[in-house]
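Close look at the chain arrangement
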Amino acid sequence: GKRAFIAGIADDNGYGWAIAKSLAAAGAEILVGTWVPALNIFETNLRRGKLDESRKLPNGSLMEITKVYPLDAVFDNLEDVPEDVKSNKRYAGSTKWTVQEVAECVKEDFGSIDILVHSLANGPEVAKPLLETSRKGYLAAISASSYSYISLLKHFIPIMNPGGAAISLTYIASERIIPGYGGGMSSAKAALESDTRVLAYEAGRSKKIRVNTISAGPLGSRAAKSIGF
Ligand code: ZID
């Protein structure tokens, strides 16, 4: 069977959860990366059975998540983490949540993976038009929504089996004007799409790994609702 690592699940409403279920139904083992600030609630809901109804697969069995890893995809390694984040209550409760550390943990626990899913994005100023977006907000959107894919690939490719595949989710606001998708999120998706072509070339040549991104339709996830979509 294949083993998948899905980055960006914190509830049962988003694309990551739906993709995990499809992969589980197809027989894959499921590992999950959950944003550190959302980890507690997600694990509690899982433990208390609140997600059991949503865990149901077409054959009637429940999706098993083998392990949930805390993850913050805007930090590549410990040296990147500023003091205020290190000492933040929500972050201090977990360890090894930078991208490099998570990849190391997955390697230690399971040796390798076959499938990498990037189902995460964040744009703190998404509600602002591009003309009103600050440099900080713009760079934060790119860091969380675009570079995070590069970083995940960089650190996970060494433990990905040849023939493996990576996928992320993009949005057509990269090509067409969609008012309301601001804060540099349109720019972040454009970068994600361009990077996908280059990463596919590089990872395909070096490790026979496919790299793709899918332009998603509307889904009432937490992220989509928070921007009024
Ligand atoms: P989600 O909230 O379920 O998933 C996003 C996840 O990212 C959450 O679990 C966060 O905790 C996590 N996260 C945020 N920051 C970090 C971080 N630094 N490190 C680790 N994790 C982090 O929402 P989702 O399922 O909508 O998002 C998954 C992917 O789908 C994202 O890349 C979206 O941009 C993409 N996507 C979603 C939609 C949608 O409708 N939900 C659309 C296109 C792409 C879209 O916006 N018409 C209108 C809107 C749209 C499509 C058509």
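Provided above is the structure to which this section pertains.
Report on the accompanying structure.

Bringing the site of the ligand into the picture now. Surrounding the ligand, one finds 28 residues, the nearest of these being Y15, A73, K189, L219 and S221. Note that a nitrogen atom of the ligand is positioned 2.9 Å from one of the side-chain N or O atoms of D72. Here an oxygen atom of the ligand sits 3.4 Å away from a polar atom, N or O, in the main chain of L120. Protein burial of the ligand: of its 930 Å² of free accessible surface, 91% is covered by the chains. Those elements giving two or more residues to the shell around the ligand turn out to be β5 (160–170) and α9 (222–226). Ranked by residue count, the leading element in the shell around the ligand is α9, at three residues. Classifying every residue of the shell around the ligand by side-chain character gives 18 nonpolar, seven polar and three charged.

For the rest of this paragraph, the subject is unusual backbone geometry. Its identity as a non-glycine residue notwithstanding, K96 has a phi of 55°, on the positive side. Mapped onto the elements, K96 comes out in the loop between α5 (89–92) and α6 (99–110). Under the relative-accessibility criterion, K96 is labelled partly exposed at 46%. Notably, K208 is not glycine yet its phi reads approximately 55°, a positive angle.

A word on the packing of helix α7 (residues 135–156) against helix α8 (residues 185–207). Between α7 and α8, the shortest axis-to-axis distance is 8 Å and the interhelical angle comes to 20°. It follows from the interaxial angle that α7 and α8 lie roughly parallel. Considering the relative orientation of α7 and α8, their crossing is right-handed. Two secondary-structure elements touch here, α7 through Y138, A141, I142, S145, S146, Y149, I150 and L153 and α8 through M185, S187, A188, A191, L192, D195, T196 and L199.

A few words now on the pattern of salt bridges. Applying the stated criterion across every chain yields a total of seven salt bridges. Put simply, E64 and R55 hold a salt bridge, and the shortest N to O gap is 3.5 Å. Residues D109 and K67 are paired through a salt bridge, measuring 2.8 Å at the closest nitrogen-oxygen approach. Pair noted here: D109 is in helix α6 and K67 is in strand β3 (residues 65–71), with a separation of 42 residues, a long-range link. Each of D52, R55 and E64 takes part in a single network of salt bridges with overlapping partners.

Here the focus is the side chain of D72. With respect to the helices, strands and loops of the structure, D72 is situated in the loop between β3 and α4 (83–86). With no salt bridge to any partner, buried D72 finds its closest opposite charge in R90, at an N-O distance of 9.8 Å.

Here we take up the nonpolar core. By size, the foremost hydrophobic cluster in this structure holds 27 residues, and its most contacted members are F5, V106, I113, L116, L153 and F156. Sorting the residues of this core by element identifies β1 (3–7), β3, α6, β4 (113–118), α7, β5 and α8 as the ones contributing at least two each. Per-element tally for this core: the top contributor is α6, with five residues. In this view, V106 contacts F5, L31, Y69, G111, I113, F156 and I159; residues no more than four positions away in its chain are not counted. Judged by nonpolar contacts, the second largest core, of 20 residues, contains L23, V32, V68 and V117.

Here we take up the environment of A20. Position of A20 among the secondary structure elements: in helix α1 (residues 15–25). A relative accessible area of 1% means that A20 is categorised as buried. For the pair A20 and F5, spaced 15 residues apart in sequence, the C-alpha to C-alpha distance is 8.9 Å. Apart from residues no more than four positions distant in its own chain, A20 is found in contact with I6, I9, I30 and M63.

Each value, and the rule that gives it
Residues numbered from 1 in each chain as written. Predicted model: local features only at pLDDT ≥ 70, side-chain atom pairs only at ≥ 80, totals over all residues. Heavy atoms only, no water. Near = heavy atom within 4 Å. Polar contact = N/O pair within 3.5 Å; in protein donor to acceptor, adjacent residues only side chain to side chain. Areas by Shrake-Rupley, 256 points an atom, 1.4 Å probe, with all protein chains shown as cover. Helix = DSSP H or I, 4+ residues; strand = E, 2+ residues; numbered from the N terminus. Nonpolar A, V, L, I, M, F, W, Y, C, P; charged D, E, K, R; others polar. Buried < 20%, exposed > 50% of the residue type's maximum accessible area, 1.4 Å probe, protein only. Axes fitted to C-alpha atoms, helices over the stretch in contact; angles between N-to-C directions. Parallel < 35°, antiparallel > 145°, perpendicular 65-115°, else oblique. Left-handed = near helix turned anticlockwise from the far one by under 90°. Contact = heavy atoms within 4.5 Å. Salt bridge = Lys/Arg side-chain N within 4 Å of Asp/Glu carboxyl O. Lys, Arg positive; Asp, Glu negative; His and termini not counted. Core = buried A, V, L, I, M, F, W, Y, C linked by side-chain atoms within 4.5 Å.

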